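Examination of the molecular architecture
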Amino acid sequence: MSTERYNAGEAEPKWQRVWEERGIFAAPNEDPRPRYYVLEMFPYPSGRIHMGHVRNYTMGDVVARYKRARGMNVLHPMGWDAFGMPAENAAMANKVHPKTWTYDNIATMKGQLKSMGLSLDWARELATCDPAYYKHQQAMFLDFLQAGLVERKVSKVNWDPVDQTVLANEQVIDGRGWRSGALVERRKLSQWFLKITDFADELLDGLGDLDRWPEKVRLMQENWIGKSRGMKFRFRLAEPRPGMESFEVFTTRPDTIFGSSFAALSPDHPIALALAETRPEVAAFIAECKRGGTTAAELETAEKMGFDTGLEVVHPLDPDWRLPVYIANFVLMDYGAGAIFGVPGHDQRDFEFAAKYGLPIRRVVAAGPEDAGKPIAGEAESGDGVLVNSRFLDGMDVESAKAAVIARGEAEGWGAGTIAWRLRDWGVSRQRYWGTPIPIVHCGACGAVPVAKEALPVVLPEDVAFELPGNPLDRHPTWKHVPCPRCGADALRETDTLDTFVDSSWYFIRFASQPADRPFDRAIASQWLPVDQYIGGVEHAILHLLYARFWTRALRRLGRLDIAEPFAGLFTQGMVTHETYRSLDGRWLSPEEVEVGAAGPVETATGSAVETGRIEKMSKSKKNVVDSDVIVDQYGADATRWFLLSDSPPERDLEWSEGGIEGAWRFVQRLWRMAAQGGGGDGQDQPLERRLHRTIAAVTANIESLAFNKAIANLYELATVIEKAAPSASRSAAVETMLRLVAPMAPHVAEEAWAALGKNGLIARAPWPEADPALLVEDEVTIAIQVNGKLRDTVKAAKGAAREDLEAMAVENENVRRILAGAAPKKVIVVPDRLVNVVA
RNA sequence: GCCCCUGUGGCGGAAUUGGUAGACGCGCUCGACUCAAAAUCGAGUUCCGCAAGGAGUGCCCGUUCGACUCGGGCCAGGGGCACCA
């Protein structure tokens, strides 16, 4: 075997070909081995693979290769989240068809992924923009519709009047469309909604079983679902009129009912709208409320505004007590009942409102009965306490008072305990071209009619123009004109397409099973699912992961799938970051444009000083992107993979560094040299074997817990020990085992060295090494000798040495005696096999 | 405003249940090999101190024989939600 340098450029494509030709990464549906499904969030084909992708897929690949070595039938697929806005933007900017753009990107990125040596089952590849994929999505949409899980509702959207399209909140910047710069209007549009709120309880409860999800993600979902226990009750108008007798309010603080000093309606509340019809000043106020933007920052600074309607309602617990009814801009129509009762003393918003409009601020909760007269000053008090100034509630604690008011409301029939959710139904209509067509036809006579299942897919037309703003589907001369599926009259296709989050809500099921005639086979899909290990960015912690959970549960409710949760294990990996550089006049500079001199970094071209900016996520605009192709060319896929796994814990951000990738490259070479030197020699090397088996155990445990950085540290240590060991049979065996341990992370060099050692078969198919428990037990341990908890010496002792012997050894220790200076120790603490602490 | 996470050398980070802080990597210093360089190998590298020794895991307090680890109070950085009644 040659001891020349390992040539990754030659070896890597060679082994990738071998793996592919032998089809060793295929996951047969029929196979006696236990199954394991590892999945990384599939990429959007934006153009090129970036380091974040590589890090993500490398982690998944380590798991896949490791589980395969453990004898499992591993499903590790890859596909493309291929619908979305960037393709349309590219179409507008470069006059290239979204389909061409998307498939070109897929070809490029697939080549890049292949050069990483990922152990993927490419036979299961899918792209969501393929009619063979989205036709099943259309079918499921119709199934959901039939099952009552789809609804058409009017909702408010951000409308860009220039681009003639709906914008997501993130696309509205300072109240203007991000592309057109036009002032965004809040329009009402009929849109399709999926009734995710039907599953609010299930989705919340289900989180409790997801013990292999990050606590943080479960918490974020819990907050997003936002379950609040409270009470709904009805306010009667003091002077009822036809159609305007009463309205409902929701509160989480029924205990404060005697602290109420007003009621407030949302500007969208039916009563507010009814008043606006006859009273121009009401209409004007409602219009005023709507003018403000919808962004978080604007809402935060928005002042409380109210309009006194002149109406009054009767307090439910006192027929003689009347409260004014306002319309208030801070009351949301789609939460609770769209109306509230205001308790200024104990709610900060109500406090601000009351202060502005001169309404009474009453205390009904206090630290104790003696504080009943203490005024509420400065801000509302939302804390716990004892009820005061509250008639029959006086003296109760907050919880008892809540229960008492609810009980009374239920007994007297004016109110009841209830639950409010923050979660809203999922609006899936998008006024865009590059998405799944919604399979509906609007007929003047029949209304919204589903397309017949046999007529699916509703295929996107390809002859579309992007020169004009708006939805090309809507402008297409013929596409939308179809007969009504029900009555045959002239009708119009739905021209909205589905939110791309729908596409990614079930792709993991389609990976598991892909029959041509239906979305998936129930039995096969239910065998593979749930995904054992899902890996992706934390930016999907809420939307994608919640939608996928909903879709899975909806399928189960429809009897299509046997599982409730799609992802049994979830891991959210950190970003890949890099330093940023800026010239003094504010231009971003790429690392290649900067060189570090004695006086700090300077711009190579001009020699002027450069400001080193924050370490940030790699992005084109900040010019801090390191291209994976360039790195793989220079260092090879193994070194790239190794570095991405080594430097930081996988859940944290990883800073890309030249030094880091160099170090990884050195290790690959070192590994090759170690194998090239071979073992030679006979005989046993007990210490080396012990060390080897300790490493096997440690690496195994660390890969199991996805602590790749620690597994790599274990391997570095082992490498040093092997290099220093004299030739022996043990050493030869250690080198081979080392290669097997390294193989999931650096598969090519492991394969090349394995072959060079003359081993039969592929290391990619070799079983995982087992640690021999007998070799994990040390017969000699190091005992720390402490005085008052401070380390004074360490001594070797036989494992399992008696307490008395250890104590005697410590007390007689020279350093200990010097510190004690003849005094007797007060106490001696002995922790067997660990330490002795002499308390002076 | 509410909820959550993080804080350890020059840097990334290790430290079963509280039990020898700084593994491993990067960087740096010195040395070997070389005419020289690259590559490689060896030694060192928390801080103060020549040393003995002392200090040290964001800060303060506490529990303990013993605290990076547990409790209380702060500070800093980051993330999520956001007029959710």
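These lines cover the structure that appears in this document, whether it is placed above or below. Remember, predicted model here, so these are calculated numbers, not experimental data.

**Quick notes on the overall build of chain A**
Broken down by element type, chain A carries 27 helices and 36 strands. For chain A, the spread of C-alpha atoms along the principal axes amounts to about 100 × 85 × 65 Å. The contacts of chain A with a sequence gap of at least 6 include a subset with a gap of at least 24, amounting to 71%. A total of about 37,200 Å² of accessible surface is found on chain A, and carbon and sulfur atoms cover 50% of it. Charged side chains in chain A number 98 positive and 115 negative. The centres of these two groups are separated by 1 Å.

**So, helix H22 (residues 708-724)**
A turn of α-helix holds 3.6 residues, and therefore any two residues three or four places apart point the same way. For H22, which comprises 17 residues, the first-to-last C-alpha distance of 25 Å matches the rise-based estimate of 24 Å (1.5 Å per residue) to within 8%. Residues Phe708, Asn709, Ala711, Ile712, Asn714, Leu715, Leu718, Ala719 and Ile722 constitute the buried set of H22. Where H22 is buried, its residues meet helix H2 (51-69), helix H19 (637-646), helix H20 (658-677), helix H21 (686-704) and helix H23 (729-742).

**Notes on the protein's contact with RNA strand B**
Around RNA strand B, 53 residues are found, and the nearest of them are Thr252, Lys304, Tyr335, Arg349 and Asn837. Take Asp647: an N or O atom from its main chain is 2.8 Å from a sugar or linking oxygen of RNA strand B. Here Ser648 contributes a side-chain N or O atom positioned 2.9 Å from a sugar or linking oxygen of RNA strand B. For the surface near RNA strand B, the element with the highest residue contribution is H22, accounting for six residues. In the surface near RNA strand B, the residues fall into 20 nonpolar, 13 polar and 20 charged.

**Some words on the sheet that holds strand S19 (residues 436-437)**
Taking strand neighbours across the sheet as the criterion, the three strands line up as S18-S24-S19 in an open arrangement whose pairing is antiparallel. Unpaired on one side and paired on the other, strand S18 (429-430) and S19 mark the two borders of the sheet. As paired elements, S19 and strand S24 (residues 497-498) share two bridges and run antiparallel to each other. Across the sheet, Thr436 pairs through a bridge with Leu498, a residue of S24.

**Section: the sheet that holds strand S35 (residues 827-831)**
Here four strands make up an open sheet; going across it, the order is S34-S33-S36-S35 and the pairing mixed. Across the chains shown, the open sheet's two edge strands, defined by having one partner strand only, are strand S34 (790-798) and S35. In this sheet, adjacent strand axes meet at a mean angle of 20° when their direction is disregarded. As paired elements, strand S33 (residues 780-787) and strand S36 (residues 835-839) share four bridges and run parallel to each other. Pairing of Ile785 across the sheet is with Val836, part of S36.

**A look at the packing of aromatic side chains**
Summed over all chains, the structure comprises 38 aromatic pairs. Here Phe144 and Phe550 contribute two aromatic rings whose centre-to-centre distance is 6.5 Å and whose plane-to-plane angle is 70°, an arrangement assigned as edge-to-face. Taken together, the residues Phe144 in helix H5 (residues 131-146) and Phe550 in helix H17 (residues 543-557) connect sequence positions 406 residues apart. Residue class for Phe144 comes out buried when judged on its relative accessible area of 0%. For the pair Phe233 and Phe341, a centre-to-centre distance of 5.4 Å together with 55° between the ring planes defines the contact as tilted.

**What about the pairing of strand S10 (residues 262-265)?**
Neither face of S10 is exposed, since Phe262 and Ala264 on one face and Ala263 and Leu265 on the opposite face are all buried. Of the strand pairs in this sheet, S10 and strand S13 (residues 339-342) are connected by four bridges, and their pairing is antiparallel. In the sheet register, Phe262 faces S13, and the bridge partner there is Gly342.

**Regarding helix H24 (residues 747-756)**
When you tally the buried positions in H24, you get eight out of 10 residues, the bulk of the element. When we look at burial in H24, the residues that qualify are Pro747, His748, Val749, Ala750, Glu751, Glu752, Ala753 and Trp754. The elements touched by buried residues of H24 are helix H1 (8-22), H2, H19, H20 and H23. In the stretch just after H24, Gly758 is the one whose phi turns positive, near 80°.

**A few points about the pattern of salt bridges**
The full count for this structure, using the stated rule, is 46 salt bridges. For Asp201, the salt bridge goes to Lys227, with nearest N and O atoms at 3.3 Å. With Asp201 in helix H6 (residues 200-207) and Lys227 in strand S8 (residues 227-241), this pair connects stretches of sequence that are 26 residues apart. The class of Asp201 is partly exposed, set by a relative accessible area of 36%. For Lys227, a relative accessible area of 30% corresponds to the partly exposed category. Two residues, Arg549 and Glu565, come together in a salt bridge whose shortest N-O distance is 2.8 Å. Linking Arg549 in helix H17 with Glu565 in the loop between H17 and strand S26 (570-573), this pair joins segments that are 16 residues apart in sequence. By relative accessible area, Glu565 is classed as buried at 11%. Each of Glu202, Arg549, Arg553, Arg557 and Glu565 takes part in a single network of salt bridges with overlapping partners.

**Structural notes on the nonpolar core**
Judged by nonpolar contacts, the single largest core of 173 residues is most densely connected at Tyr37, Phe141, Tyr507, Phe508, Trp551, Trp656 and Met738. Beyond its immediate stretch of four places on either side in the chain, Tyr507 contacts Leu39, Glu40, Met41, Phe42, Leu126, Tyr133, Tyr534 and His544. Counting 40 residues, the second-largest nonpolar core is a separate cluster that includes Met231, Val249, Ala272 and Ile327.

**Some words on unusual backbone geometry**
With an omega of 0°, the peptide bond between Leu456 and Pro457 qualifies as cis. Inspection of the secondary structure assignment puts Pro457 in the loop between strand S21 (447-450) and helix H13 (472-475). Even without being a glycine, Arg391 presents a positive backbone phi close to 50°. Summarising the element assignment, Arg391 is placed in the loop between strand S15 (386-387) and helix H12 (398-412). Judged by its relative accessible area of 46%, Arg391 is partly exposed. In this model, Asn788 sits at a positive phi of 55°, which is unusual for a non-glycine residue.

**Brief notes about the packing of H19 against H20**
Remark: H19 packs on H20, axes separated minimally by 8 Å, with the N-to-C direction vectors making an angle of 120°. By the criterion of interaxial angle, the relationship of H19 to H20 is oblique. For the crossing formed where H19 meets H20, the hand is right-handed. Of the residues in H20, those in contact with Asp638, Ala639, Thr640, Trp642 and Phe643 of H19 are Gly660, Ile661, Ala664, Trp665, Phe667 and Val668. Grouping the constituent residues of the contact of H19 with H20 by class yields eight nonpolar, two polar and one charged.

**Points about the environment of Ala713**
Assignment of secondary structure puts Ala713 in helix H22. Accessibility expressed as a relative area gives 36% for Ala713, which makes it partly exposed.

**Remarks on the environment of Val830**
Positionally, Val830 belongs in strand S35. On the basis of relative accessibility, which here comes to 8%, the residue Val830 falls in the buried class. Through-space distance from the C-alpha of Val830 to that of Ile783 is 9.9 Å; in sequence the pair is 47 residues apart.

Calculation rules
Residues numbered from 1 in each chain as written. Chains lettered and ligands numbered in written order. Predicted model: local features only at pLDDT ≥ 70, side-chain atom pairs only at ≥ 80, totals over all residues. Heavy atoms only, no water. Helix = DSSP H or I, 4+ residues; strand = E, 2+ residues; numbered from the N terminus. Contact = heavy atoms within 4.5 Å. Areas by Shrake-Rupley, 256 points an atom, 1.4 Å probe, with all protein chains shown as cover. Lys, Arg positive; Asp, Glu negative; His and termini not counted. Charge placed at Lys NZ, Arg CZ, Asp CG, Glu CD. Expected span 1.5 Å × (residues − 1). Buried < 20%, exposed > 50% of the residue type's maximum accessible area, 1.4 Å probe, protein only. Near = heavy atom within 4 Å. Polar contact = N/O pair within 3.5 Å; in protein donor to acceptor, adjacent residues only side chain to side chain. Nonpolar A, V, L, I, M, F, W, Y, C, P; charged D, E, K, R; others polar. Pairing = 2+ DSSP bridges. Axes fitted to C-alpha atoms, helices over the stretch in contact; angles between N-to-C directions. Phe/Tyr/Trp six-rings, centres within 6.5 Å; stacked < 30°, edge-to-face > 60°. Salt bridge = Lys/Arg side-chain N within 4 Å of Asp/Glu carboxyl O. Core = buried A, V, L, I, M, F, W, Y, C linked by side-chain atoms within 4.5 Å. Parallel < 35°, antiparallel > 145°, perpendicular 65-115°, else oblique. Left-handed = near helix turned anticlockwise from the far one by under 90°.

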